[in-house]
Amino acid sequence: MVRKNIGNWKKRFIPIITPESWSNHSERELFIKQMLGRRRFPKKELLEVLDNSYMIANREKRLEIIDTVGILFQNSGDPELPRDLLEFYKTTDDREVKKWILRILPKIGTDRLIPDIIALYRHPNKVFRQAAHHLLEHFDADQVVNCLADELTKGVWATRTEPLLFLNEVAPDKILDPCRHTLMTGSEEDRMTAIELLSELRTRDAMLLLADAIGDSVTDVRLAIASVVGRIPGDISVDILLELTEDHKSAVVVKALEGLRRLADERAIPRAVECVRHEDSLIRAQSLSTLGEIGSAEHVDLLIEGIKDTEIHIRQSALKALILLSRNEGIDITRLIVSLMADSDVNVRRAGAQLLGEVETPIVVGRILDYLQDPDWWVREMVANSLARVRDEKAFPAVVDLLKHPDASLRRYAIDILIGMGVKKAAPHIVSLLKDPDGWVRERAVYALGKLGSEEMIDILARLLDIPRLTRVAATAMGEIGHSRAIAPLLAHLEHADVESSLAILNSLERIRTDAATQDLEKYLHHPNRDIRNKTKEVLTRLKLDRHHPDKTADTRRGLQTISILDSMLLEMRRQGASNLFLVSDQPAIARLDTDLITISSEHLSEDHILSMIASILTREQDQRFHATGCLDFSHEIPTGGRFRGNLSRHAAGLNLVFRALPDQIPVLEDLDLPIPVNSLADCTEGLVLITGPEGSGKTTTIAALINRINETRGGHIITIEEPIEFIHTRKNCLITQREIGRHTTGFVRALRTAVLEDPDVIYISDLHDPDTIATALDIAEAGHFVLAVMDSISTTETIDQLIAAFPSSRHDMVRTLLSESLKAIVSQRLAPRLDGKGNTVATEILVNTPSIADLIRNNRLFQIPAVITSSNRHGMMSLDQSLIDRVREEIISNETAFARALDKNRFEQYLMELGEY
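Reading the values: the criteria
- Residues numbered from 1 in each chain as written.
- Predicted model: local features only at pLDDT ≥ 70, side-chain atom pairs only at ≥ 80, totals over all residues.
- Heavy atoms only, no water.
- Helix = DSSP H or I, 4+ residues; strand = E, 2+ residues; numbered from the N terminus.
- Buried < 20%, exposed > 50% of the residue type's maximum accessible area, 1.4 Å probe, protein only.
- Areas by Shrake-Rupley, 256 points an atom, 1.4 Å probe, with all protein chains shown as cover.
- Lys, Arg positive; Asp, Glu negative; His and termini not counted.
- Charge placed at Lys NZ, Arg CZ, Asp CG, Glu CD.
- Pairing = 2+ DSSP bridges.
- Axes fitted to C-alpha atoms, helices over the stretch in contact; angles between N-to-C directions.
- Contact = heavy atoms within 4.5 Å.
- Parallel < 35°, antiparallel > 145°, perpendicular 65-115°, else oblique.
- Nonpolar A, V, L, I, M, F, W, Y, C, P; charged D, E, K, R; others polar.
- Phe/Tyr/Trp six-rings, centres within 6.5 Å; stacked < 30°, edge-to-face > 60°.
- Lys NZ or Arg CZ within 6 Å of the ring centre and 35° of its normal.
- Salt bridge = Lys/Arg side-chain N within 4 Å of Asp/Glu carboxyl O.
- Left-handed = near helix turned anticlockwise from the far one by under 90°.
- pLDDT = per-residue confidence, 0-100.

A. Structural detail: the overall build of the protein chain. Broken down by element type, the protein chain carries 49 helices and 13 strands. Its C-alpha atoms give the protein chain principal-axis dimensions of roughly 115 × 80 × 40 Å. In the protein chain, which comprises 918 residues, the proportion classed as buried is 54%. A total of about 41,700 Å² of accessible surface is found on the protein chain, and carbon and sulfur atoms cover 48% of it. The positive charge centre, built from 113 side chains, and the negative charge centre, built from 137, are 2 Å apart in the protein chain.

B. The arrangement of the sheet that holds strand β13 (residues 840-848) in detail. If you walk across this open sheet you meet the seven strands as β9-β8-β10-β11-β7-β12-β13, and the pairing is mixed. Lying at the two open borders of the sheet, with one neighbouring strand each, are β9 (734-740) and β13. Ignoring strand direction, the axes of neighbouring strands in this sheet form an average angle of 15°. Where strand β12 (residues 823-833) meets β13, nine bridges bridge the pair, whose relative direction is antiparallel. Looking at the pairing, I826 lines up with L847 of β13. Strands β7 (687-692), β8 (716-722), β9, β10 (762-765), β11 (786-791) and β12 of the sheet are contacted by helix α40 (residues 699-713), whose axis makes an angle of about 165° with β11. Each of β7, β11, β12 and β13 is contacted by helix α43 (residues 796-805), which is oriented at about 125° to β12, the strand it contacts most.

C. Molecular detail of the pairing of strand β2 (residues 587-593). Two strands pair when backbone bridges link them, and strand β1 (residues 580-584) and β2 are joined in this way by three bridges, in the antiparallel orientation. Looking at the pairing, F582 lines up with I590 of β2. With antiparallel pairing between neighbouring strands as the criterion, β1 and β2 make up a hairpin whose turn holds two residues, including D586 at a positive phi of roughly 65°.

D. Representation of the packing of helix α30 (residues 468-481) against helix α32 (residues 499-512). As a packed pair, α30 and α32 sit with axes 8 Å apart at the nearest point and diverge in direction by 5°. In this view, α30 runs roughly parallel relative to α32, as classed from their interaxial angle. Along its contact with α30, which presents T471, R472, A475, T476, G479 and E480, the element α32 presents E500, S501, A504, I505, S508 and R511. Class assignment for the residues of the contact of α30 with α32 results in three nonpolar, five polar and four charged.

E. Helix α11 (residues 176-185), seen in detail. Looking only at α11, the buried set comprises L176, P178, C179, H181, T182 and L183. Along its buried surface, α11 packs onto α9 (141-151), α10 (161-170), α12 (188-201) and α13 (204-212).

F. Region of interest: the packing of aromatic side chains. Under the defined criterion, the tally for this structure stands at six aromatic pairs. Between W22 and F31 the ring centres are 5.3 Å apart and the planes differ by 50°, which places this aromatic pair in the tilted class. Feature note: the residues F41, F73 and W100 constitute an aromatic cluster, connected by ring pairs. Over the face of the ring belonging to Y413 we find R412, whose NZ or CZ atom lies 5.1 Å from the ring centre. Just above the ring of F396 sits the side chain of K425; from NZ or CZ to the centre is 4.7 Å.

G. Fine view of unusual backbone geometry. Note the cis peptide between E723 and P724, where omega equals 0°. Along the polypeptide, P724 turns up in the loop between β8 and β9. A positive phi angle, near 60°, is found at N860, a position not held by glycine. Structurally, the position occupied by N860 is in the loop between α45 (851-858) and α46 (865-870). Backbone geometry at E891 places phi at a positive 60°, although glycine is not the residue there. Among the secondary structure elements, E891 is positioned in the loop between α47 (880-889) and α48 (895-901).

H. Quick look at the side chain of S820. Examined against the element boundaries, S820 turns out to sit in helix α44 (residues 812-822). By relative accessible area, which is 4% here, S820 ends up buried. Once residues within four sequence positions are removed from consideration, S820 is found in contact with N849, A854, I857 and R858.

I. Representation of the pattern of salt bridges in the model. Scanning all chains against the criterion turns up 53 salt bridges. Across the salt bridge formed by K43 and D78, the nearest N and O atoms sit 2.9 Å from each other. Linking K43 in helix α3 (residues 43-52) with D78 in the loop between α4 (59-74) and α5 (81-91), this pair joins segments that are 35 residues apart in sequence. Its relative accessible area of 23% is what places D78 among the partly exposed residues.

J. Molecular detail of the environment of T219. The residue T219 is located in helix α14 (residues 219-229) in this model. On the basis of relative accessibility, which here comes to 23%, the residue T219 falls in the partly exposed class. The sequence separation of T219 and N534 amounts to 315 residues, and the corresponding C-alpha distance is 64 Å. With residues near it in sequence (within four places) discarded, T219 still touches K249 and V252.

K. Examining the packing of α5 against helix α7 (residues 114-121) more closely. At their nearest, the axes of α5 and α7 sit 10 Å apart, and the two run at 15° to each other. The orientation of α5 with respect to α7, classified from their angle, is roughly parallel. Of the two possible hands of crossing, α5 and α7 adopt the one that is right-handed. Contacts between α5 and α7 involve R83, L86, Y89 and K90 from the former and D116, I117 and L120 from the latter. Within the contact of α5 with α7, the residues separate by chemical class into four nonpolar, no polar and three charged.

L. View of the side chain of E162. By the secondary structure assignment, E162 is in helix α10. When neighbours within four sequence positions are excluded, E162 is seen to be in contact with Y121, K126 and R129.

M. Fine view of the confidence of the model for the protein chain. Considering every residue of the protein chain, the mean pLDDT works out to 83; 92% of them sit at 70 or more. Taken as a whole, residues 1-12 scores under 50 in pLDDT and shows 24 contacts with residues more than four places along the chain or in a different chain. Low pLDDT, under 50, characterises residues 548-563; the predicted model gives this stretch 23 contacts beyond four residues in sequence or across chains.

So this is what it looks like as structure tokens:
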């Protein structure tokens, strides 16, 4: 249809409907009645009106005219009109008219239109295919399924991926023949989709189709088959994977061996043994892993040979495999460890030491003690760690005897072992080492007395305060014991101690928590050293707060007023129910109460005021980091007054200090209004789970709720690495270790490497952003730990893109592969204000790393992920836009709020129009 230009509209073209055709509702009703009463329905003229409606300047009038045409079409009775409108959709480029056609066609079309809509599905233009998808949802499902399944087995398609996904969504039992035809004639993308769908079907016929496809000329297709088949138990799967281990591409062989390892079928053993000496190191490494899973005692020598390999990743694979294989009942674990520890190769002895730490019942203690004399320090450390886990009284005498060993390093190991064993009766034996000629042994002995000693050790430790090298550690040990008898000697030595020792003494006095020290400490508020002044303020604040009953909030505020103006402001903010406190240079203190800003203190704050208020709660390292970078995240706790997250930054006019009040209670998943699939993430035992979203989208709250669920429902060791710590988790069923960057560790990477040595089951990382942290997190997840992490990104696809882009381009392929194997799920969330004014609700996008998602990541086809998310509700996936639509339907948020947060504005506007909300 040819559009008229404006001149034609005014001169030659006379439309059947113009903006002047009626002036009110009654005239419009009369006009419609007259048009429908005509002898010949003016279809051609009405289509011309649509085609030229773009020239009507008044949008409201234009939409009214288009709506009038729709009423006329709905009442025309013309059986060919739906097909004409569908053709019109292909030719017009008017966005408003296209949307209108998609709304009206389901109302006037019959099932006769289905073949024409499916023809639109063949179109190379993605917008047309999306239109077809939308329209088919409104017609009889059985007719659509039968017609689409038949059409997919013939003819030419620009892409079969979208119709295959649609067909599988509504009728998975009809997918077999379309997939067979796609595997023979479809594009690479189509074949990958067919492979994924067949793997979900899991019938014998589906598996035979996959077996027929392993000769595909495209490596990625064969790789995809190996990937999905490795997750489907059965003889056909094993046959496919065994054949793929003969592939000429190493990546396919590795994936096939991985699948055989996962299926744990003994028929794979001979092939894995053959591959142990393959020229490709990746194949060798994977074959060793496979033997560790399904091998037996006769394969131990092969694994030991792998441990001696020159390439580190092969040694690591062999070690993991050996640890796994050692759990086989047919292996004499004691004999194996003894043979490993006797080997001349240091890597083999290290493997033995690590295996010693993995087994539940260590071998005879006396023999383990012998291993402490190994020339390799790493072996000695691992053996000492293993001994520290022994809670057997029979081991105690042998370890005590080691305290007298002539080798100082062994005496130190003996102390560490006794600390790990937690045997209180070891303290008198350790006292003898306080005069040891080795300085490290003496310090370790003092530390041990703090861990294992009791009240009677206070006098001994007090005498050590006079020894300069031992003052700090002795003061710390007295604080560990925590008895009031330590107060007097600690205060006495505070008079002349150096700065480092003074801070240790103050920390111990704070730990003991008694009013007896208050008066003596007040003079140190004027100490010339700033760190000592600040620490004294902190100790006095805690001591004075302990006097107040937690329910007497007003009394607590009055008690704080003379010590900490900042804490009094924070308490006032919490009392009023505000969420944030803003302290900005040359402005009064302001708090946010919902959407309102309220003044907490009318006095304008200078930069010096803010710095003096913050000085008492920052450590030296935090203070240095702020002055070096101009910004700082930290946490602050007021006993009986709650916890706060702080952010300090510089801006053009001075300083900006913002505190957010953290909830007193750990959030519960069911109270957060999250989709059910998010709750199930707490059941993960390995891999990487990411919670993402822009700043202030509730990510930390979601993480805290997940950790709380794990703590309640599982056992294990949870380690959190945070900047700063926001929610304090107490032990329920899990041991929980929380570390803060800047206070307990210098950085994420170092903390992660330390955490791995502490037998963690869950590791949480509060900020995943730099390449080293990302790489370390992926390695830990790949090694079998469950890693939870937070990122600032607006969607699941952008999250993956950010992870990959953090690395140099030369490493992108490696990162994609690692991510495709380690990633479990990504939850991206946004907060949106509720219609009822009761705070915010959360909208979420959920990506689950199914085999098809993994293949898209591995092969750098991230652009296809949104389509897979949209069509994979059965896997627990959900798009952000669909989540927002659900909130609109439930009348929780307004359509304007939803539209502002939508990712695909054009598609979302169409959704809202379909709902009649826009």
